[in-house]
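Structural description and commentary
In case you want the letters, here they are:
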Amino acid sequence: MSKARFRKAALALPGVIEGAHHGHADFRAGKRVFATLGYPDDTWGMVKLTPDQQAVLVDAEPEMFRPVPGAWSKSGSTNVKLAKIDPVTLRSALVMAWRNVAPKSLLASLETR
């Protein structure tokens, strides 16, 4: 998976805009970040999951997912290894993260797709 494909998958979700967060590209639903690229380096992305979602993905696919190092992992921030993840699994993780932060008006738009 390339950074370009991660970006395209994130931007394909309803109402997503790209911005920057701590010097890294980020993806927002409404005003809230649900994913980033390039942390801790260019081989990783990040999705903002719940701690329970994080545990499920890390346990199921440890080559694709890991908790973000440090305190951020406790709130569900999860790194995505770009070289290992496939498009279907990435979309699933992005949708989970997007749903976690999206305003109700955007959530309704995904249901109609």
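This text goes with the structure placed above it.
Residues numbered from 1 in each chain as written. Predicted model: local features only at pLDDT ≥ 70, side-chain atom pairs only at ≥ 80, totals over all residues. Heavy atoms only, no water.

A few points about the overall build of the protein
Applied cut-off: Strands are runs of DSSP state E lasting at least 2 residues, helices are runs of H or I lasting at least 4, and numbering of each runs from the N terminus. Using C-alpha atoms as the atom set, the radius of gyration is obtained and then compared with a globule rule of 2.2 Å times the number of residues to the power 0.38. Working definition: with a 1.4 Å probe on protein chains only, accessible area under 20% of the residue-type maximum means buried, over 50% means exposed, and in between means partly exposed. Residue contacts are defined here by distance: any two heavy atoms, one from each residue, within 4.5 Å place the two residues in contact.
When helices and strands are counted, the protein shows four helices and six strands. Over its C-alpha trace the protein gives a radius of gyration of 13 Å, about what one expects of a compact globule, namely 13 Å for 113 residues. Expressed along its principal axes, the backbone C-alpha trace of the protein runs to roughly 35 × 25 × 25 Å. For the protein, with 113 residues in total, the buried portion stands at 40%. By sequence separation, contacts in the protein at least 24 residues apart represent 51% of the contacts at least 6 residues apart.

A closer look at the sheet that holds strand β2 (residues 24-29)
Using the following cut-off: By this definition, two strands are paired if DSSP reports at least two bridges between them. Here the axes come from fitting lines to C-alpha atoms, over the contacting stretch only for helices, and the angles between their N-to-C directions go from 0 to 180 degrees.
The six strands lie next to each other as β1-β2-β3-β4-β6-β5, forming an open sheet whose pairing is antiparallel. At either end of the open sheet lies a strand with only one pairing partner, and these are β1 (16-21) and β5 (65-67). Across the sheet, the mean angle separating the axes of adjacent strands is 30° when strand polarity is ignored. By the bridge criterion, three bridges tie strand β3 (residues 32-37) to strand β4 (residues 44-48) in an arrangement that is antiparallel. Counterpart to leucine 37 in the pairing with β4 is glycine 45.

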